[in-house]
Amino acid sequence: MAFDFYSDNTAGVHPKIMAAIAAANEGYATPYGADELSSRLNRVYSELFERETFVFPVSSGTAANGLALGSAMPPYGTVFCHEQAHIVVAEGGSVEFYSGGGRLVLLGGEGCKLAAPSIERALAGYGPGFVQQMHASALTLTQATERGTLYGLDEIKTLTDAARRGGLKVHMDGARFANALVALGVTPAEMTWKSGIDIVSFGTTKNGAMMAEAVLVFDKALAEVVRFKHKRAGFLHSKMRYFSAQLLAYIEDDLWLKNARKSNATARRLADAFTATPGVTLLHPVETNQIFVDLPPEVTKSIEAAGLKFRAWPDPKGRQHRLVASYVDSDDLVRRVENALGR
């Protein structure tokens, strides 16, 4: 079965990142993050984010989200999130696990986006120091969201301001951080700490790396908490240099931004083809590299006849599908979709 556009996780490792892994394999290196490559991470990422930044490599996005939020809340704490957030629907209770018993408070919102009024209403039910309730501890938002939509900088700032008034730390799930960044045309600093973000799950795997997500922390006191939990959770890998090599190569010469621009452009081209096809409906604005679309049965048959397969998305009528473009998608592959839709 072909899984073209099934997920950006299906794409291989970028050759430059694979070369960096191979280079890290030469000779000997001090273990447990004391190697030369790992020692550069904080400095290099601090330059990128224009502020002292503490980098903690992990092996998956689930681990990054769990570790980040588990460090930002106590076992008796709550994290406010969208009801369709990845930590809710696809991470097996990792936040509850890493926090030692914390709870998710689920909020609604169009396009998988949170709004400040819903956060303020939710916080109204949590009194300060009221020991018969769990402690309101953190807010998490996803950029880009689980439906490919984006928070503008003003929206992020409005959310973080509401969170700050409620005494919350703010986490950003950046599984597709690069795609959001290039779509908005802003800097990493502007999309994070300058907008009130305290801690970030920095995704790389969907955009060219092998398995090197990272937790980025902008607050030294919080970083000290993450440092101990990072080790306790088993992520202070003995051969950390292979993770660090990827994280360094990923941002070198703007590789991460080039990859994200390509996948976003591919998604935009596909969205245009869908829009031009009678009976097809885009379910959400295509702002990054994800497309959610309602396809009539005859269109689905035409696509399958061309040897393509889109991922079916939960829908009682069986018409909804998700496509995710990646940096490796060829022009020929995109033309195959366009031709199938044209028929």
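What you see is a predicted model; the values in this text were computed from it and never measured.

What counts, and at which threshold
- Residues numbered from 1 in each chain as written.
- Predicted model: local features only at pLDDT ≥ 70, side-chain atom pairs only at ≥ 80, totals over all residues.
- Heavy atoms only, no water.
- 1 Å grid on protein atoms, 1.4 Å probe; cavity = no way out; pocket = protein on both sides within 12 Å on 5 of 7 lines; lining within 4 Å.
- Points joined across faces, edges and corners; volume = space filled by probe spheres on them.
- Helix = DSSP H or I, 4+ residues; strand = E, 2+ residues; numbered from the N terminus.
- Nonpolar A, V, L, I, M, F, W, Y, C, P; charged D, E, K, R; others polar.
- Buried < 20%, exposed > 50% of the residue type's maximum accessible area, 1.4 Å probe, protein only.
- Salt bridge = Lys/Arg side-chain N within 4 Å of Asp/Glu carboxyl O.

This paragraph deals with the layout of surface pockets. One number sums up the size of the largest pocket: a volume of about 620 Å³. Every residue lining the largest pocket is counted, 35 residues in all, and those nearest its centre are His86, Ala90, Arg176, Lys206 and Arg322. Those elements that provide at least two residues to the lining of the largest pocket are helix H3 (61–72), helix H4 (86–89), strand E5 (169–174), strand E6 (199–202) and strand E11 (320–324). For the lining of the largest pocket, the element with the highest residue contribution is H3, accounting for 4 residues. For the lining of the largest pocket, the per-class residue count stands at 8 nonpolar, 18 polar and 9 charged.

Let us now look at empty space enclosed by the protein. Evaluated as defined, the whole model comprises 1 cavity of 30 Å³ or more. When its volume is computed, the largest cavity comes out at roughly 60 Å³. Contributing to the lining of the largest cavity are His82, Ala85, Ile87, Cys112, Leu114, Thr140, Leu141, Thr142, Glu146, Tyr151 and Asp173. Of all the elements, strand E4 (residues 135–142) adds the most residues to the lining of the largest cavity, at 3 residues. For the lining of the largest cavity, a count of residues per class yields 6 nonpolar, 3 polar and 2 charged.

The topology assignment puts Ser94 in helix H5 (residues 94–99). Here Ser94 falls in the buried class, since its relative accessible area comes to 6%. Separated by 209 residues in sequence, Ser94 and Ile303 place their C-alpha atoms 37 Å apart.

As a further point, take the pattern of salt bridges. If you walk through the whole model with that rule in mind, you get 14 salt bridges. Among the salt bridges present, the one from Lys194 reaches Glu50, with a minimum N-O distance of 3.6 Å. Of this pair, Lys194 sits in the loop between helix H9 (188–191) and E6 while Glu50 sits in the loop between helix H2 (36–49) and strand E1 (54–58), placing them 144 residues apart in sequence. The class for Lys194 is partly exposed, based on a relative accessible area of 41%. Look at Glu50 and you get partly exposed, because its relative accessible area is 44%.

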